[in-house]
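Take a look at the letters that make up each chain.
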Amino acid sequence: MKLFLPKILLLMSAIAMAATVRAAPNAADKIKQGQEAIAKNDFKGAIEVFSEVIAADKTNPKGYNGRGIGHLAQNEDQLALADFNEAIRLQPKYSEAYARRAAVYLHMNQLDKVIADATKAIQLSPNYSYAYDKRAAAHLMKKEYAKAIADASAAIKNDPDYDDAFYIRGQSYFYTNDLAKAFVDLSTSIGLDPKYAGTYLMRGIVRKAAKQYDSAVTDFNEAIRLDPKLVNAYFHRGIAYLALGKYDEALADFSEGIKQSPKDADFYLNRGRAFSGKGKLDEAINDYTQAIQLQPKYEEAYFFRGLAYNARHQPDPAIADFSMAIQFRPEASDSYYNRALAYDIKGDLEKAMTELAQALRIAPKYSLARTLSAEIYTRKKQYDKALAELNEGIRLDPRSADLYASRGRVFDAKGDRQRALNDLNKAVELDSNSSSAYYTRGLIFAKNQEYDKAMTDFTKAIELEPRNPVYYSSRAITLTKKDQFAPAFADFDRALEVNANDFDTLVKRGYVYSQLGEYEKAHSDFDRAFKIDPKSPELLNDFAWFLATCPKDDLRDGKHAAEYIDLALQQFPDQPSFWDTRAAVFAENGDFDDAVSWEQKYINRKDLTEQQRTAGQERYGLYKSAKPYRQNPKSSPPPGITASTTPAQPEK
């Protein structure tokens, strides 16, 4: 996280007034004049006055101490250090000089020297709050939080209005994860000094850690109002905006951070995350790349860039990035899981399973890894292995809604609808905020033509996760089943607003356009999706079907249709809808004998619905008569795998 130095109070402490060093009457007046200048923040004037004291009497330690305070206030550390050294040489028991020299060392980040000088000051003056405060600050910066809390508490005991001590103790409580006490101390500090931007920044960070993002933004706003150059406030406000899904606001903050601190890789990384949230993956990848150039071993930048490449269905660069992330953090289960996703996109299921096994070795309760493993087994129709994987996960983590939702999908694939719904209901019971559970239950309802129930669940999923384009596109498909095309296309539009290149949405919308006879628009969507992922078996099947059966001569392309369905069948040779498409492609290319053979195999399958079988028999008759099949607007294309049934997975 972005760190910030504690305040260094420069007001003269009461102990200074009680110093035991005697001064000549003239010197006493000058010293009082210098102290008044410090109280007015006239540090240059104070330096001049105390220089006169020194010129008149080079053995007066108060002159050096006062001038040192002036130099310290102007960040003239070496001059301040020289003056405090001389004050201590002249008066070895001068506690304030030790405390002020500790403040100089704090500026210089020489923390052991801070502690030594502050300790000496406390030995000489046991109730000296300023010295406790400086020692607390050093302990805080050394991450010695218990010691920092003890010293800050001592400062507060001796001076209940010491705002900086509350500020330091509040930070220390934050780093020990005691957010409630941190909030109280920082609020107290603000009450005592409402004009210091850093305290609002710190309280905002505490609120952000407590997931009180709106309140955190309020504090960051005040910090920035007080100090528009407080770059860390822009950083943390940007993070809060990311959590709130306010990506435009986050982009503005991270861009301002880059303007103020152009070499800070963190700003590029998180601006990339904001671009990803808006679906602007090219811009996101550019920012992640910039972060890596600034910080070549930045594991998170490789990880997030890998996520962006996965979202673009570009598995090879994603695999390379996750491999780099693993190199820098070998026990990162998230990187293994997402590398598995990349291999899955690539179609290399064996490597995907190897990666998932590694992720589960590191984190046996990693539900996402188990659900993807089970999904791959399900696609391969190895249902028992899928169930064994999920049963083990539930044994380890019996309150995981994701695992029950995943097991529901497996039961549904096996045709056991009741057990599927039982598991999905259990998932919702365990976590009423599980968008994945509602989404999956909606898929089961839609599959069984219970469209109103499906709509209710998809709508709930959208309410819980409004930035997931898959939920909108699935609701859109359900709306088309109810012939509600205007709201369906509104949902498609919303999905593409979230991610302009969402593969799932483009495939589904292309399917609907094809149904409605909007063939040019369908071709455009399929072509856009193909550019994103030319190896997707679902798209290869749908695009091949379109190119073989479109009634518009200028859009049909039997040659490419044959290439695409061949590639799809190489990946899933037993998928029934692919057999149906293969028959249509043969018919388009004039090979009716093969068309009849493939359609016969299709309609003989035992896993078809009556509707599928009836439609297949109609096409079989066409092929027997040496006629190709042509789509009709609003007729149902052959049921196939038109999109992934897995919701988009969340970022680290």
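A short tour of the structure in this document, coming up. Computed from a predicted structure; not experimentally measured.

**Here we look at the overall build of the protein chain**
Moving on, step 1. Of the regular secondary structure elements, the protein chain holds 36 helices and zero strands.
Moving on, step 2. Taken over the C-alpha trace, the protein chain has a radius of gyration of 34 Å; the compact-globule value for 652 residues is 26 Å, which it surpasses by more than 25%.
Moving on, step 3. For the protein chain, the C-alpha atoms occupy an extent of roughly 125 × 50 × 40 Å along the three principal directions.
Moving on, step 4. By residue count, 56% of the 652 residues in the protein chain fall in the buried class.
Moving on, step 5. Considering only contacts in the protein chain between residues 6 or more positions apart, those separated by 24 or more positions represent 56%.
Moving on, step 6. Carbon and sulfur atoms make up 49% of the accessible area of the protein chain, which amounts to about 28,300 Å² in all.
Moving on, step 7. If the 90 positive side-chain charges of the protein chain are averaged to one point and the 91 negative ones to another, these points end up 4 Å apart.

**Let's talk about helix α14 (residues 231-244)**
The α-helix advances 3.6 residues per turn, and as a result positions three or four apart in sequence lie on the same side.
Moving on, step 1. Spanning 14 residues, α14 covers 20 Å between terminal C-alpha atoms, matching the ideal 20 Å at 1.5 Å per step.
Moving on, step 2. In terms of burial, α14 is a largely internal element, eleven of the 14 residues being buried.
Moving on, step 3. Of the positions making up α14, those classed as buried are Asn232, Ala233, Tyr234, Phe235, His236, Arg237, Gly238, Ile239, Ala240, Tyr241 and Leu242.
Moving on, step 4. Those residues of α14 that are buried are in contact with α12 (197-209), α13 (213-226), α15 (247-260) and α16 (265-277).
Moving on, step 5. Residue Gly245 follows α14 closely and has a positive phi angle near 75°.

**Regarding the packing of helix α7 (residues 111-124) against helix α8 (residues 129-141)**
Moving on, step 1. Look at α7 against α8: their axes get within 8 Å of each other, and the N-to-C directions meet at 155°. Overall, the two elements α7 and α8 adopt an arrangement that is roughly antiparallel. Handedness of the crossing formed by α7 with α8: left-handed. Along the contact surface, α7 presents Leu111, Val114, Ile115, Ala118, Thr119, Ala121 and Ile122, while α8 presents Ala131, Tyr132, Lys134, Arg135, Ala138, His139 and Met141.
Moving on, step 2. Taken together, the residues that form the contact of α7 with α8 break down as ten nonpolar, two polar and two charged.

**A short note on the packing of helix α4 (residues 61-73) against helix α6 (residues 95-107)**
Moving on, step 1. One way to put it is that α4 packs onto α6 with a least axis distance of 10 Å and a crossing angle of 20°. Here α4 is positioned roughly parallel relative to α6, judged by the angle of their axes. Crossing of α4 against α6: the hand is left-handed. Side by side, α4 and α6 meet where Asn65, Ile69 and Leu72 of the first sit next to Glu96, Ala97, Arg100, Ala103, Val104 and His107 of the second.

**Topic: the packing of aromatic side chains**
Moving on, step 1. Applying the stated criterion across every chain yields a total of 24 aromatic pairs.
Moving on, step 2. Measuring from ring centre to ring centre gives 5.8 Å for Tyr302 and Phe328, while their planes differ by 35°; the resulting arrangement is tilted. Highlighted residues: Tyr302 in helix α18 (residues 299-311) and Phe328 in helix α19 (residues 315-328), separated in sequence by 26 residues.
Moving on, step 3. For Phe328, a relative accessible area of 27% corresponds to the partly exposed category.
Moving on, step 4. The interplanar angle of 45° and the centroid separation of 6.4 Å between the aromatic rings of Tyr519 and Phe546 together place this pair among those described as tilted.

**Notes on α12**
Moving on, step 1. With 13 residues, α12 should reach 18 Å at 1.5 Å per residue; the first-to-last C-alpha distance of 19 Å fits that figure.
Moving on, step 2. With twelve of its 13 residues buried, α12 lies for the most part within the structure.
Moving on, step 3. Inspection of α12 places Ala197, Gly198, Thr199, Tyr200, Leu201, Met202, Arg203, Gly204, Ile205, Val206, Arg207 and Lys208 among the buried residues, and these make up the whole buried set.
Moving on, step 4. Just beyond α12, the residue with positive phi is Lys211, at close to 65°.

**Quick notes on the side chain of Asp423**
Moving on, step 1. One can find Asp423 in helix α25 (residues 417-430).
Moving on, step 2. On the accessibility criterion, Asp423 (6% relative accessible area) is buried.

**A word on the environment of Lys280**
Moving on, step 1. Structurally, the position occupied by Lys280 is in the loop between α16 and α17 (281-294).
Moving on, step 2. Note: C-alpha distance between Lys280 and Pro537 (257 residues apart in sequence) is 25 Å.

**Some words on the nonpolar core**
Grouped burial of nonpolar side chains is what soluble globular proteins tend to show.
Moving on, step 1. Residues Tyr337 and Leu356 are the most contacted members of the largest nonpolar core, which totals 155 residues.
Moving on, step 2. The element that contributes the greatest number of residues to this core is α6, accounting for eight residues.
Moving on, step 3. If near-sequence neighbours (up to four positions away) are discounted, Leu356 is found in contact with Tyr337, Ala340, Ala369, Leu372, Ser373 and Ile376.
Moving on, step 4. In this structure, Leu496, Phe526, Ala544 and Ala548 belong to the second largest nonpolar core, which totals 54 residues.

**Quick look at unusual backbone geometry**
Moving on, step 1. Unusually for a residue other than glycine, Asn177 sits at a positive phi of about 65°.
Moving on, step 2. One can find Asn177 in the loop between α10 (163-175) and α11 (179-192).
Moving on, step 3. Asn177 sits in the exposed class, given a relative accessible area of 62%.
Moving on, step 4. Here the phi dihedral of Gln449 falls at roughly 60°; this positive angle occurs in a residue that is not glycine.
Moving on, step 5. Position of Gln449 relative to the elements: it lies in the loop between α26 (435-447) and α27 (451-464).
Moving on, step 6. Note on Gln449: relative accessible area 52%, which makes it exposed.

Thresholds, definitions, all that
- Residues numbered from 1 in each chain as written.
- Predicted model: local features only at pLDDT ≥ 70, side-chain atom pairs only at ≥ 80, totals over all residues.
- Heavy atoms only, no water.
- Helix = DSSP H or I, 4+ residues; strand = E, 2+ residues; numbered from the N terminus.
- Rg over C-alpha atoms; globule rule 2.2 N^0.38 Å.
- Buried < 20%, exposed > 50% of the residue type's maximum accessible area, 1.4 Å probe, protein only.
- Contact = heavy atoms within 4.5 Å.
- Areas by Shrake-Rupley, 256 points an atom, 1.4 Å probe, with all protein chains shown as cover.
- Lys, Arg positive; Asp, Glu negative; His and termini not counted.
- Charge placed at Lys NZ, Arg CZ, Asp CG, Glu CD.
- Expected span 1.5 Å × (residues − 1).
- Axes fitted to C-alpha atoms, helices over the stretch in contact; angles between N-to-C directions.
- Parallel < 35°, antiparallel > 145°, perpendicular 65-115°, else oblique.
- Left-handed = near helix turned anticlockwise from the far one by under 90°.
- Nonpolar A, V, L, I, M, F, W, Y, C, P; charged D, E, K, R; others polar.
- Phe/Tyr/Trp six-rings, centres within 6.5 Å; stacked < 30°, edge-to-face > 60°.
- Core = buried A, V, L, I, M, F, W, Y, C linked by side-chain atoms within 4.5 Å.

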